[in-house]
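Each chain is listed here by its residues.
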Amino acid sequence: TPLVRTQTAVVVVFATLVEYTFSPWLEVYTYQFDNVPAYVPPGHGLVYLAALCMGRSTFFQSHAKTLVTATVVVGGCYALWGVSPLAPRADVLGLFWYACLLGFLAWGRSRMLYVGAFVVVTYLELIGTALGTWTWQPFDPTGLVSMGNPPSGAAGGYGWFDLAAITLAPVLLESLQRLRSRLAERTDDRRVAEAVGRHG
């Protein structure tokens, strides 16, 4: 639908800004070849669509309460593990992002979208860092906030992409429709004026 296409475009634009700010500039995480691979920005659009499709699926809708509870429990255990002595390195950022995820699940307009994002993003972060495609630094640029590789609550951070899509897409779509209407009206007015001019 036009709305979903606009939401996906918002995610791609937002993610592109985040990628180029936090990877090559601030070096919060770095890619294997010290660049942002060309597939990454559109890849964020695919991640969003995957989370959206999962959230709208019959299975997710039928087991919504169970899946939300599972997300809270599994995500919570993962985040607490990240700040425990058992983790390879401390992960305060992951715990913060997990708190963001709880907020999205509690007050977000599309809870199942965030559940889908938790599944997809957690999987991709674990696989991507295990393969060495990208690596998170031990600390943020301030040196104060420790980060896991990957941060345990990465899905909570990604939730901001989803929030941007859900919030901005309807506004952009409505503005685009207004612009089209104005252009159509001007075109009609011009045609009327030309016809009147031709016939005196």
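Above this text you will find the structure in question.
Residues numbered from 1 in each chain as written. Predicted model: local features only at pLDDT ≥ 70, side-chain atom pairs only at ≥ 80, totals over all residues. Heavy atoms only, no water.

Trainee: Explain the overall build of the protein chain to me, using residue names and the numbers behind them.
Mentor: Scanning the protein chain for helices and strands turns up 7 helices and 2 strands. Taken from the N to the C terminus, the helices and strands of the protein chain come in the order α-β-α-α-α-α-α-β-α. The globule rule puts the C-alpha radius of gyration for 200 residues at 16 Å, and the 22 Å found for the protein chain is more than 25% above it. Here the C-alpha coordinates of the protein chain stretch approximately 90 × 45 × 25 Å along the principal axes. (Helix = DSSP H or I, 4+ residues; strand = E, 2+ residues; numbered from the N terminus. Rg over C-alpha atoms; globule rule 2.2 N^0.38 Å.)

Trainee: Can you tell me about the packing of aromatic side chains, naming the residues and giving the values?
Mentor: Throughout the structure, instances matching the rule amount to 10 aromatic pairs. The interplanar angle of 80 degrees and the centroid separation of 5.9 Å between the aromatic rings of Trp-97 and Trp-136 together place this pair among those described as edge-to-face. Residue Trp-97 is located in helix 5 (residues 92–107), and its partner Trp-136 is located in strand 2 (residues 134–136); the two are separated by 39 residues in the primary sequence. Given the relative accessible area of 17%, Trp-97 is considered buried. (Phe/Tyr/Trp six-rings, centres within 6.5 Å; stacked < 30°, edge-to-face > 60°. Buried < 20%, exposed > 50% of the residue type's maximum accessible area, 1.4 Å probe, protein only.)

Trainee: Give me the layout of surface pockets: which residues, what numbers.
Mentor: The calculated volume of the largest pocket comes to roughly 810 Å³. Forming the walls of the largest pocket are 29 residues, and the residues nearest its centre are Glu-19, Tyr-29, His-44, Glu-125 and Trp-136. When contributions to the lining of the largest pocket are tallied by element, the ones reaching two or more residues are helix 1 (2–25), strand 1 (29–31), helix 2 (40–56), helix 5, helix 6 (111–130), strand 2 and helix 7 (154–198). Classifying every residue of the lining of the largest pocket gives 23 nonpolar, 3 polar and 3 charged. (1 Å grid on protein atoms, 1.4 Å probe; cavity = no way out; pocket = protein on both sides within 12 Å on 5 of 7 lines; lining within 4 Å. Points joined across faces, edges and corners; volume = space filled by probe spheres on them. Nonpolar A, V, L, I, M, F, W, Y, C, P; charged D, E, K, R; others polar.)

Trainee: Lay out the pattern of salt bridges in plain terms, naming residues and giving numbers.
Mentor: In total, this model carries 1 salt bridge according to the counting rule given. Residue Glu-174 pairs with Arg-178 through a salt bridge whose shortest N-O separation is 2.6 Å. Residue Glu-174 and its partner Arg-178 are both found in helix 7; the two are separated by 4 residues, about one turn of the helix. (Salt bridge = Lys/Arg side-chain N within 4 Å of Asp/Glu carboxyl O.)

Trainee: Describe the nonpolar core, and please don't skip the residues or the numbers.
Mentor: Judged by nonpolar contacts, the single largest core of 40 residues is most densely connected at Tyr-48, Val-115, Trp-136 and Tyr-158. Here Val-115 is in contact with Phe-60, Leu-67, Val-68, Thr-71 and Leu-105, once residues within four sequence places are set aside. (Core = buried A, V, L, I, M, F, W, Y, C linked by side-chain atoms within 4.5 Å. Contact = heavy atoms within 4.5 Å.)

Trainee: Explain helix 4 (residues 64–82) to me, using residue names and the numbers behind them.
Mentor: A rise of 1.5 Å per residue sets the reference length of helix 4, with its 19 residues, at 27 Å; its end C-alpha atoms lie 27 Å apart and thus fit the reference within 8%. Of all the positions in helix 4, only Leu-67, Val-68, Thr-71, Gly-75, Gly-76, Tyr-78, Ala-79 and Gly-82 are classed as buried. Looking at the buried positions of helix 4, the neighbouring elements they touch are helix 3 (58–62), helix 5 and helix 6. (Expected span 1.5 Å × (residues − 1).)

Trainee: Could you give an account of unusual backbone geometry, with specific residues and numbers?
Mentor: Backbone torsion omega between Asn-149 and Pro-150 reads 10 degrees, so that peptide bond is classified as cis. Residue placement: Pro-150 occurs in the loop between strand 2 and helix 7. One non-glycine residue, Glu-27, lies in positive phi territory at about 55 degrees. By the secondary structure assignment, Glu-27 is in the loop between helix 1 and strand 1.

Trainee: Can you tell me about the environment of Val-73, naming the residues and giving the values?
Mentor: Tracing the backbone through its elements, the reader meets Val-73 in helix 4. With a relative accessible area of 48%, Val-73 lands in the partly exposed category. Considered as a pair, Val-73 and Phe-161 are 88 residues apart in the sequence and their alpha carbons are 23 Å apart.

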